[in-house]
Structure formats: structure tokens, C-alpha cells
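Inside the fold
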Amino acid sequence: MNQISEIRRQLRPHLGWHGARLSFIALFLVALFRAKTVNLAELATVWGGNAAEESNYKRMQRFFQSFDVNMDKIARMVMNIAAIPQPWVLSIDRTNWSLGTTDFNILMLCVVHEGIGYPLMWTMLKKKRGNSNSTERMDLLERFETLFPNIEIAYLTGDREFIGKPWLSYLMLDKPIPFRLRLRQTDKISKGKGQPAIAGSHLFRSLAIGETRILPGKRWVWGRQVYVMGTRLDSKRRASKNEDEFLIIITTHDPQNALADYRRRWGIETLFGALKTRGFCLESTHFTDKVRLSKLLALLAIGFVWAMKAGLWRHIQKPIRIIKAHGRRARSLFRYGFDLLRRFFTASPQSLLGSEFHPIQLLSCT
């Protein structure tokens with residue numbers, strides 16, 4: 001059985017699509033790893049089969065223009081292949097970029113595992129550069145809870161954008177979800193109703209660099225009672241002089257671990273890197289229509305989880321070296337798998353790791 005037929009056979013239980021659509025997905029994924037870009041013109045040059053490049057290009061255009069992709073099936077497929085143990089750590093964030101006069105702005109929810117976020121669902125925000133609003137965030141979580149009603153959530157992480165009374169009220173009152181959210185250092189914190197509200201930077205001003213403090217008892221933030229902890233950041237490690245001097249976290253429980261938990265939020269930034277410059281070069285797309293871009297993200301989500309499974313398998317066979325200075329791996333698991341799949345589809349499979357390596361089988365959920 002050739003590679004495309006085998007990939008199609010593995011995809012069918014997840015998606016239930018007919019043969020022609022499954023063949024397209026299989027061909028697209030193989031071309032994606034060969035070309036290392038989502039640019040359709042580049043993909044057309046490495047597309048399998050005997051058709052001319054122009055025909056391949058038009059075939060891709062027709063798919064993104066007319067085929068309806070069920071995003072719920074994609075989300076279930078990614079999670080079935082990933083097999084991430086519960087409870088899940090969720091992270092929410094935006095990624096944005098510009099192409100000429102067009103702004104791209106994507107709000108995404110992911111599950112963080114092995115230091116990286118797995119893309120779960122996303123919202124293509126209207127053509128604006130600014131932050132998401134509470135309604136857009138709540139709609140995203142509603143979609144998650146509808147699709148995965150029985151999943152146990154460890155906590156949700158979010159940066160300074162993801163704050164405000166409606167958002168906190170939703171997380172704490174409507175459908176309680178544990179969270180570790182970062183405040184702006186100018187946000188006001190109070191001991192109780194009627195008590196003066198003081199900026200977080202003032203409350204933590206006596207901290208030395210790297211020192212942390214948990215404020216005693218719960219405090220009022222955005223009209224809700226939460227635990228508050230903070231740490232002073234090293235100025236040399238801040239992104240700019242305008243970056244907050246303090247990292248201030250609010251949580252509903254377990255404040256002693258809030259800082260370590262919040263740091264897992266970085267997994268979604270690592271995911272964005274994998275989708276963009278460190279992997280699939282999402283920014284090279286010329287799509288300006290948000291529906292087509294969302295379909296493209298769905299295919300990248302499949303490619304991403306496949307690369308992660310390959311990286312995890314390869315790491316077991318040949319562990320990645322650890323760089324001792326910061327405790328991180330010399331190469332990411334995603335890139336470890338991405339490079340292996342690229343070699344598999346551009347070179348002779350026998351030249352890799354021997355007959356035991358069957359990357360197509362990694363698409364199975366069993």
C-alpha cells in the first residue's frame with residue numbers, strides 16, 4: 001500500500017470523509033512537510049502525482065474555497081491522536097500578523113502538554129489589531145465545553161489581555177473553571193469592599209528581583225475575590241523598558257503553585273512558533289478570507305499533532321540532549337518530529353531509523 005493510501009486509511013476513522021477528500025488531505029500533509037510552508041505555489045511544486053503544478057494549485061484553491069471542514073471533527077481528531085492525560089491545562093491567547101494592509105488576528109484555545117500547546121479551537125477575529133473581548137473568549141470556552149463536556153480541567157492560563165469583570169464572573173460563577181491569570185501591574189487590588197484599591201506594582205514594590213510574595217487571604221480584583229501573588233522580574237529579561245516590572249497572578253485556589261502553573265502558559269507561544277516561523281510558516285499564506293484561513297489552520301492542526309507524535313516516538317528511541325543552563329531540550333519535540341517526517345517524505349524511508357519507523361501509523365488513535 002502506497003503512502004497516500006495508507007494515510008487515507010488512517011484518517012478515515014477520524015474524519016469519515018469520502019476517498020477524494022481524504023486523498024487531498026493526505027497529499028496536502030505530505031507536501032506540507034516537504035515544502036515547510038503553507039504557500040500554495042510552493043506546495044504545488046512538491047505535490048504528489050503526475051499533474052502539472054498549475055493543476056495542483058487549482059485543486060488546493062477549490063478545496064479551501066468550497067469544501068466545508070467540520071472543525072469539531074478536527075478538534076476531536078487532534079485530541080484522540082494526542083491522547084493527553086487528564087486533567088488538561090488550557091491556555092488561551094492571540095496571534096496576529098499583517099500582510100500588506102490586511103491584519104490577521106486569531107484567538108486560540110489549546111491544551112498544554114510536554115511544554116507546547118496542542119491547537120484545539122480558534123476564532124478568526126474580525127479585521128482588527130486589538131485585543132479580544134469577553135464575549136469572544138466566552139464563546140470559545142462554550143464551544144470547548146460543548147465538545148468535551150466530561151473533560152477534567154486542571155486550570156486555564158491567560159496573559160494580561162484576559163482579564164476584566166465579565167470574564168472573571170464567567171470563569172468563577174457561570175461555569176467555574178480554575179484559572180491562573182496575569183494582571184497588569186496597574187490593575188487595582190483591594191482587601192475588601194469599601195477598602196482602597198491599590199495598584200499591584202505598589203503592593204509588590206518592596207520585592208527584590210526573583211522574590212515572590214502571596215498576599216494573605218483573598219483580595220478583590222475586578223469585583224471578584226481571588227488569591228494574588230507576585231514576583232519582581234529581572235529588567236534584563238523584560239521584552240522592553242515598557243514591559244511590566246512585576247508578574248502578578250490571580251487564582252481561585254492553590255496560590256503556592258500559581259506562578260509555576262502560570263509559566264505553562266508559554267506552551268501556546270511555542271505552538272504559535274511551530275505554526276509560523278519554526279515550522280509551517282503560516283505567515284506566508286496569501287489567504288485574506290478568514291473562512292479559508294480557518295480551514296488552513298485545521299489542516300495545520302493535523303500536521304502539528306502528527307509531528308508531535310513523531311517527535312515523542314523519536315525522543316524515546318534517541319533522547320534529545322538537555323541544555324543544562326536552563327533545563328530545556330536542545331531541540332523541541334515538535335521540531336524533532338517535524339524534521340523526521342520531512343526526511344521520511346523526501347528521502348528513502350530505509351535511510352531513516354530502520355524498518356521499525358512507520359510514521360503513518362502515528363495518526364491512529366489506538
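Higher on the page you've got the structure.
By the definition in use, this model includes 24 aromatic pairs. A ring pair is formed by Phe 24 and Trp 47, whose centres lie 5.5 Å apart and whose planes are at 45°; its orientation type is tilted. Taken as a pair, Phe 24 in helix H2 (residues 19–35) and Trp 47 in the loop between helix H3 (40–45) and helix H4 (53–66) lie far apart in primary sequence, 23 residues in all. Across the pair, Trp 47 and Phe 24 agree in class, each one buried. With centroids separated by 5.5 Å and ring planes inclined at 65°, the aromatic side chains of Trp 88 and Phe 148 adopt a geometry described as edge-to-face. You can see Trp 88 sitting in strand E1 (residues 88–99) and its partner Phe 148 sitting in the loop between helix H6 (134–147) and strand E4 (153–158), a full 60 residues away along the chain. Judged by relative accessible area, which is 4%, Trp 88 ranks as buried. Judged by its relative accessible area of 12%, Phe 148 is buried. Lying over the aromatic face of Trp 167, Arg 137 brings its terminal NZ or CZ to 5.8 Å of the ring centre.

Enumeration over the complete set of coordinates arrives at 16 salt bridges. Here Arg 9 and Glu 6 are joined by a salt bridge, their closest N and O atoms 3.0 Å apart. Here Arg 9 and its partner Glu 6 are both found in helix H1 (residues 3–15), three residues apart, which amounts to about one turn of the helix. We note a salt bridge from Arg 160 to Glu 243, for which the minimum N-O separation is 3.2 Å. With Arg 160 in the loop between E4 and helix H7 (165–174) and Glu 243 in the loop between strand E10 (224–232) and strand E11 (246–251), this pair connects stretches of sequence that are 83 residues apart. Here the salt bridges share partners, and the residues they tie into one network are Asp 93, Asp 159, Arg 160, Arg 182, Glu 243, Asp 244, Arg 265 and Glu 269.

Reading the values: the criteria
By convention here, each chain's residues receive numbers from 1 onward along its written sequence. Totals for whole chains, interfaces and linings use all residues, but because this is a predicted model, local features are given only for residues with pLDDT of at least 70 and pairs of side-chain atoms are given and counted only at 80 or more. To get the side-chain values, take all heavy atoms of the structure and skip hydrogens and water. The aromatic pairing rule takes the rings of Phe, Tyr and Trp, using the six-membered ring of Trp, and pairs them if the centres are within 6.5 Å, calling planes under 30 degrees apart stacked, those over 60 edge-to-face and the rest tilted. Helix and strand assignments come from DSSP, with helices taken as H or I runs of at least 4 residues and strands as E runs of at least 2, each series counted from the N terminus. Relative accessibility under 20% of the residue-type maximum defines a buried residue, over 50% an exposed one, and the middle range a partly exposed one, all with a 1.4 Å probe and only protein chains included. In this scheme, Lys NZ or Arg CZ marks a charge over a ring once it lies within 6 Å of the ring centre and within 35 degrees of the ring normal. Here, a salt bridge means any side-chain nitrogen of Lys or Arg that lies within 4 Å of a carboxyl oxygen of Asp or Glu.

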